[in-house]
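# Notes for the structure review
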Amino acid sequence: MVSAFQDPVILNQWHPISSLEEINPSEKTFQTLLLDEEILYKMDKENKVLVWRKGSRDENLPTKLAYGFVWVCLGNPPETLFLFPEFDEPNRKNKATGVIGVNTSAGRAIENFCDMGHFPYVHKGILGEEPHTEVKNYDVEISDEPDEVLATNCKFFQPRANVTSTKGVDADYIYRVPHINCALLYKSSIVAGKLDVIVLFVQPMREEQIRAHTAMCIFDDSSTEKDIRLFQQLIFGQDKPILENQHPKRLPLNPRMETPIRADKTAISYRRWLLNKGLKYGTVAN
Ligand SMILES: [Fe+2]
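Per chain, residue numbering runs from 1 following the sequence as it is written. Totals for whole chains, interfaces and linings use every residue, but because this is a predicted model, local features are given only for residues with pLDDT of at least 70 and side-chain atom pairs only at 80 or more, for both listing and counting.

### Considering the environment of I39
Comment: elements are numbered from the N terminus, with helices defined as DSSP H or I runs of at least four residues and strands as E runs of at least two. Looking at the element boundaries, I39 is found in strand β3 (residues 37–43). Look at I39 and you get buried, because 20 C-beta atoms sit within 10 Å. Considering only alpha carbons, one finds I39 and G55, 16 residues apart in sequence, at a separation of 9.0 Å. Exposure classification rests on a simple neighbour count of other C-beta atoms within 10 Å of a residue's own: a residue reaching 20 or more is buried, one at 12 or fewer is exposed, and one in between is partly exposed. C-beta atoms are placed from the backbone.

### Remarks on the nonpolar core
We call a set of buried Ala, Val, Leu, Ile, Met, Phe, Trp, Tyr and Cys residues a nonpolar core when their C-beta atoms link them within 7 Å. Counting 64 residues, the largest nonpolar core has A109, I110, C114, A183, V199, L200 and V202 as the members making the most contacts within it. By residue number, the principal contributor to this core is strand β12 (residues 195–206), which donates seven residues. Domains are outlined according to an automatic or database domain assignment. Counting residues domain by domain, this core receives three or more from each of domain 1 (4–72) and domain 2 (86–284). Not counting residues within four places of it along the chain, the set of residues in contact with L200 comprises I110, F113, C182, A183, A212 and T214. The contact criterion used is a C-beta to C-beta distance within 7 Å, with each C-beta placed from the backbone.

### Some remarks on the sheet that holds strand β1 (residues 15–19)
Strand pairing in a sheet relies on backbone hydrogen bonds. The paired strands run either parallel or antiparallel. Think of it this way: DSSP has to see at least two bridges between two strands before they count as a pair. Strand order in the open sheet formed by three strands is β1-β6-β5, with antiparallel pairing between adjacent strands. Sheet topology places β1 and β5 (63–66) at the edges, where each strand pairs with a single neighbour. When strand polarity is set aside, the average angle formed by the axes of neighbouring strands in this sheet is 30°. Lines fitted to C-alpha atoms define the axes, with helix axes restricted to the stretch in contact, and inter-axis angles between N-to-C directions lie between 0 and 180 degrees.

### Examining the domain arrangement of the protein chain
For the protein chain, the domain assignment lists domain 1 (4–72) and domain 2 (86–284). Here the C-alpha centroids of domain 1 and domain 2 sit 24 Å apart. For the side of domain 1 that touches domain 2, the secondary structure elements donating two or more residues are α1 (8–11), β1 and β2 (30–34). Sorting elements by how many residues they give to the side of domain 1 that touches domain 2 places β1 first, with four residues. The residue classification treats Ala, Val, Leu, Ile, Met, Phe, Trp, Tyr, Cys and Pro as nonpolar and Asp, Glu, Lys and Arg as charged. All others, Gly included, are polar. Among the residues making up the side of domain 1 that touches domain 2, the classes are represented as 10 nonpolar, five polar and three charged.

### Description of helix α6 (residues 265–277)
Helix length check: α6, at 13 residues, gives a terminal C-alpha distance of 19 Å against a target of 18 Å (1.5 Å per residue), a fit within 8%. Within the sequence span of α6, burial applies to T266, A267, Y270, R271 and L274. What you see down the axis of α6 is that its buried residues fit within an arc of 130°, all on one side. Residues of α6 that are buried in the fold lie against α3 (106–113), β8 (139–143), β9 (148–158), β10 (169–179), β14 (251–252) and β15 (283–284). Remark: G278 follows α6 within two positions and exhibits a positive phi of approximately 85°. What a helix is expected to span follows from its residue count: subtract one and scale by 1.5 Å. Relevant arc is that of directions from the helix axis to the C-beta atoms, nothing else.

### What about α3?
Burial within α3 is extensive, with eight of its eight residues counted as buried. Residues of α3 that are buried include every one of A106, G107, R108, A109, I110, E111, N112 and F113, and no others.

### Let's talk about the pairing of β1
Counting buried positions along β1 yields five of five residues, so the element is predominantly enclosed. Relative to strand β6 (residues 69–72), β1 runs antiparallel, the two sharing four bridges. Across the sheet, P16 pairs through a bridge with W71, a residue of β6.

### Comments concerning unusual backbone geometry
In this model, E145 is joined to P146 through a cis peptide bond whose omega is 0°. Position of P146 relative to the elements: it lies in the loop between β8 and β9. With an omega of -5°, the peptide bond between H247 and P248 qualifies as cis. Along the chain, the position of P248 falls in the loop between α5 (225–244) and β14. For L35, which is not glycine, the phi torsion reads 50° and is therefore positive. Looking at the element boundaries, L35 is found in the loop between β2 and β3. When the 23 C-beta atoms within 10 Å are taken as the criterion, L35 is described as buried. We note that N153 has phi near 60°; this positive angle belongs to a residue other than glycine. Position of N153 among the secondary structure elements: in strand β9.

Shown next as structure tokens:
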């Protein structure tokens, strides 16, 4: 096992710990785990979010509020977080859709989120359906500016692509992995030319234990917040047992260890990207 203190890649990173909706406007103190450390957080009367290590009440940790979430760094915080300009676009509904604890590594959760191949089996009747099991060819690149994994031209038949769907469609997808533990899925919205965004921000509690924070940034006037939340919880509830049964739970980065299938081009690029960064925490290197 790797301590986060031996791994500057995971230590010097902004990590999501809570949606703002969960702490606002409560004065309550919450407790969670980040990189094996117990941390506490609260929002004070001036709407300022304070985060500290257990037993170090006087020392506030570097904190950032962005994209509806609280981000914390246990090491030297990066100056910037990845860009997500859609979040600030007018007329979008930004909604945290729940947090789910999963006994897996952050890398496994990100990889699963970006894998269309599991849709017809794990999300049968919703995000996929037999016999439409083929993952059509798509494009993947590791881009430098911004530093991210980007998968484009993804197409997949979906019986019920989103909350308002009434019939099956060939859904167009773009996946962005702009942070080692965060992924954004862009898909056709009800507004022509605009894309809805489904958000997965993963909080590594331990190497093999995470909290998956989910949110949506969408154009949708018809469904209620409760409908949206239940839809997301249904999907992630189906992923949880699959993720918890994967072995090893940590993500293998050496391509010889576990060969993702051809359709899993995003996974191959994601693993290479992490390997090049030198990430140790939550991974198996050789
Ligand atoms: Fe899934």
